[in-house]
Amino acid sequence: MNRYVLNETSYFGAGCRTELATEVKTKGYKKALLVSDRVLASCGVLDKVKEVLNNAGIPYDEFLEIKQNPTIKNCQDGLEAFKKSGADFIIAVGGGSVMDTSKAIGIVNNNPSFADIKSLEGIANTVNRSVPIIALPTTCGTAAEVTINYVITVEEENRKIVCVDPKDIPVVAIVDAELMQSMPAKTIASTGMDALTHAIEGYITKGAHILSDMYEIQAIELIAKHLRGAVKDKNIVDMEGMSIGQYVAGMGFSNVGLGIVHSMAHPLGGVYDIAHGVANALLLPIVMEFNVPVCIDKYGNIAKAMGVDITNMTKEEAAKAAIDVNIPQTLRELNIPKEGLPRLAKDALADVCTGGNPREVTYEDILKLYEIAY
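All values derive from a computational prediction rather than experimental measurement.

(A) Highlighting the packing of aromatic side chains. For the structure shown, the criterion picks out 3 aromatic pairs. Their ring planes at 65° and their centres at 6.4 Å tell us that tyrosine 4 and tyrosine 215 sit as a pair that is edge-to-face. Pair noted here: tyrosine 4 is in the segment before strand 1 (9–12) and tyrosine 215 is in helix 7 (residues 210–233), with a separation of 211 residues, a long-range link. According to the relative accessible area criterion, tyrosine 4 is partly exposed, its value standing at 23%. Aromatic side chains tyrosine 29 and phenylalanine 89 sit 4.7 Å apart centroid to centroid with 25° between the ring planes, which places their arrangement in the stacked category. With tyrosine 29 in the loop between helix 1 (19–27) and strand 2 (32–35) and phenylalanine 89 in strand 4 (residues 89–94), the pair connects residues that are 60 residues apart, well separated along the chain. Across the pair, exposure class does not vary: tyrosine 29 and phenylalanine 89 are buried alike. Looking at lysine 298, its charged tip hangs above the ring of tyrosine 203, at a distance of 4.3 Å from the centre. Stacked on the ring of phenylalanine 290, the Lys or Arg arginine 359 has its end atom at 4.1 Å from the ring centre.

Below, the structure is given as structure tokens:
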């Protein structure tokens, strides 16, 4: 049996943030907690959303204290702000960190027995749906607006927990590429590689299904076509292409799982606060090489989706073309100490994404992959 969970409603296209007011009025919501971060507030992105709310006379309070890798304290502070505000729904404006925090706030508010947040790790046995969330992504990578996952850092343990819960998915996703144009080029590149990792891992995961394959191949095509242009000059055509590509990737992987690129990236964020997209980009080609023995046919399809002419290639050559994503960065360049690799490997092996990897892995396998990345 396969189950697919997607948003009730999604909007796409430059300027579609104006539909936020329509959705709020139609659904009868009264007051929002606007969750975002101070960077987006300072660069004017948040103002574009607030303008829609102000013009429509929709009241809101703000919560902007979000870290790059959000912590339990972030979530608990946000929950307190939600309760204090008297809001009945959440508007999440930001990247994965903002949307993950919003999901934790919404779930815990309606399921108070999980107030410690750590107990949400894995597939949480919650009873009630989250507080309604309307998500407006500002990065082109995480697809958190369409997924049933969120990731929170347990600071005292230097560890990330992955929470999986169909009850946390935003009711509305508003994917407006204009909100993504303020990203620095390096952020577009790293979040774009996060989206590509989602698409590739979602395509080769053990849980892959004909529907998810359809989503992920289309996502790979869109990302391969538009990522370079989006990084180069942030033109609206390529930014829209990336905004849709990352969303489509999320439609797939949210329902079928990921693999050890994510398992290995999560502890890099939890222990060393490395940005998730950066970690994924570094690890992707190394893990793809490891998975070749069980993925060689699908790798040819990936290469083709990336625009490579594989007509006269052997399966091995096509697989190599898919793996060659040309990312030179190493763990050493990120100042990760070599003596920290065993701890990373232990945490990665225990990560919820590991079970989805198409090739079985051991602690020794993962440690060796970290050593290659080093």
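Structure shown, so let's carry the discussion forward.
(B) Up close: the nonpolar core. Counting 72 residues, the largest nonpolar core has Leu268, Tyr299, Leu331 and Tyr370 as its most contacted members. Here this core gets 15 residues from one element, more than from any other, and that element is helix 10 (residues 276–305).

(C) Layout of the packing of helix 1 against helix 3 (residues 45–56). One can describe the packing of helix 1 onto helix 3 by two numbers: an axis separation of 9 Å at closest approach and a directional angle of 50°. The orientation of helix 1 with respect to helix 3, classified from their angle, is oblique. Between helix 1 and helix 3 lies a crossing of right-handed hand. Two secondary-structure elements touch here, helix 1 through Leu20, Ala21 and Lys25 and helix 3 through Val49, Val52, Leu53 and Ala56. In terms of residue class, the contact of helix 1 with helix 3 is made up of 6 nonpolar, no polar and 1 charged.

(D) Region of the structure containing unusual backbone geometry. Residues other than glycine seldom take positive phi values, yet asparagine 158 does so here, at roughly 45°. By the element assignment, asparagine 158 lies in the loop between strand 7 (149–154) and strand 8 (159–164). Overall, asparagine 158 belongs to the partly exposed group, its relative accessible area being 35%.

(E) Looking closely at the pairing of strand 8. The buried fraction of strand 8 is high, at 5 of 6 residues. One ladder, built from 2 bridges, connects strand 5 (residues 122–123) with strand 8; its direction is parallel. Bridge pairing links glycine 122 to cysteine 163 in strand 8. As paired elements, strand 7 and strand 8 share 6 bridges and run antiparallel to each other.

(F) Local environment of the sheet that holds strand 3 (residues 60–63). Strand order in the open sheet made by the 6 strands is 1-9-6-4-2-3, with parallel pairing throughout. Looking at strand neighbours, the two that pair on one side only are strand 1 and strand 3, the edges of this open sheet. Pairwise comparison of adjacent strand axes, ignoring direction, gives a mean angle of 15° for this sheet. Bridge count between strand 6 (residues 133–137) and strand 9 (residues 172–175): 2 bridges; the pairing is parallel. Within strand 9, the position partnered with isoleucine 134 by the bridge is valine 172. Sheet strands in contact with helix 3 are strand 2, strand 3, strand 4 and strand 6, and its direction is about 165° off that of strand 3.

(G) Fine view of the side chain of threonine 138. Examined against the element boundaries, threonine 138 turns out to sit in the loop between strand 6 and strand 7. Other than its neighbours up to four places away in sequence, threonine 138 contacts Leu40, Val45, Val93, Gly94, Gly95, Leu179, Met180 and Met183.

(H) Structural context of the packing of helix 9 (residues 260–272) against helix 12 (residues 341–350). At their nearest, the axes of helix 9 and helix 12 sit 8 Å apart, and the two run at 125° to each other. One way to sum up the angle between helix 9 and helix 12 is to call them oblique. For the crossing formed where helix 9 meets helix 12, the hand is right-handed. Taking contact as the criterion, the partners of Ser263, Met264, Pro267, Leu268, Val271 and Tyr272 in helix 9 are, on helix 12, Arg343, Leu344, Asp347 and Ala348. The residue inventory of the contact of helix 9 with helix 12, partitioned by class, reads 7 nonpolar, 1 polar and 2 charged.

(I) Structural detail: helix 7. The terminal C-alpha atoms of helix 7 lie 35 Å apart, and with 24 residues this matches the ideal 34 Å at 1.5 Å per residue to within 8%. Of all the bends found along helix 7, the most pronounced is centred on histidine 226 and spans about 40°. A positive backbone phi angle near 55° is found at lysine 234, which sits one or two residues after helix 7.

(J) Seen up close, the pattern of salt bridges. Overall, the coordinates contain 17 salt bridges when judged by the stated rule. Here arginine 159 makes a salt bridge to glutamate 157, at a shortest N to O gap of 2.9 Å. Judged by relative accessible area, which is 28%, glutamate 157 ranks as partly exposed. Residues lysine 206 and glutamate 360 are paired through a salt bridge, measuring 2.4 Å at the closest nitrogen-oxygen approach. Placement of the pair is lysine 206 in the loop between helix 6 (185–204) and helix 7 and glutamate 360 in the loop between helix 12 and helix 13 (363–373), with a sequence separation of 154 residues. Residues joined by salt bridges that share partners form a network here, namely Glu8, Glu23, Lys27 and Arg129.

Thresholds applied
Residues numbered from 1 in each chain as written. Predicted model: local features only at pLDDT ≥ 70, side-chain atom pairs only at ≥ 80, totals over all residues. Heavy atoms only, no water. Phe/Tyr/Trp six-rings, centres within 6.5 Å; stacked < 30°, edge-to-face > 60°. Helix = DSSP H or I, 4+ residues; strand = E, 2+ residues; numbered from the N terminus. Buried < 20%, exposed > 50% of the residue type's maximum accessible area, 1.4 Å probe, protein only. Lys NZ or Arg CZ within 6 Å of the ring centre and 35° of its normal. Core = buried A, V, L, I, M, F, W, Y, C linked by side-chain atoms within 4.5 Å. Axes fitted to C-alpha atoms, helices over the stretch in contact; angles between N-to-C directions. Parallel < 35°, antiparallel > 145°, perpendicular 65-115°, else oblique. Left-handed = near helix turned anticlockwise from the far one by under 90°. Contact = heavy atoms within 4.5 Å. Nonpolar A, V, L, I, M, F, W, Y, C, P; charged D, E, K, R; others polar. Pairing = 2+ DSSP bridges. Expected span 1.5 Å × (residues − 1). Bend = angle between axes of the 7 residues up to and from the residue. Salt bridge = Lys/Arg side-chain N within 4 Å of Asp/Glu carboxyl O.

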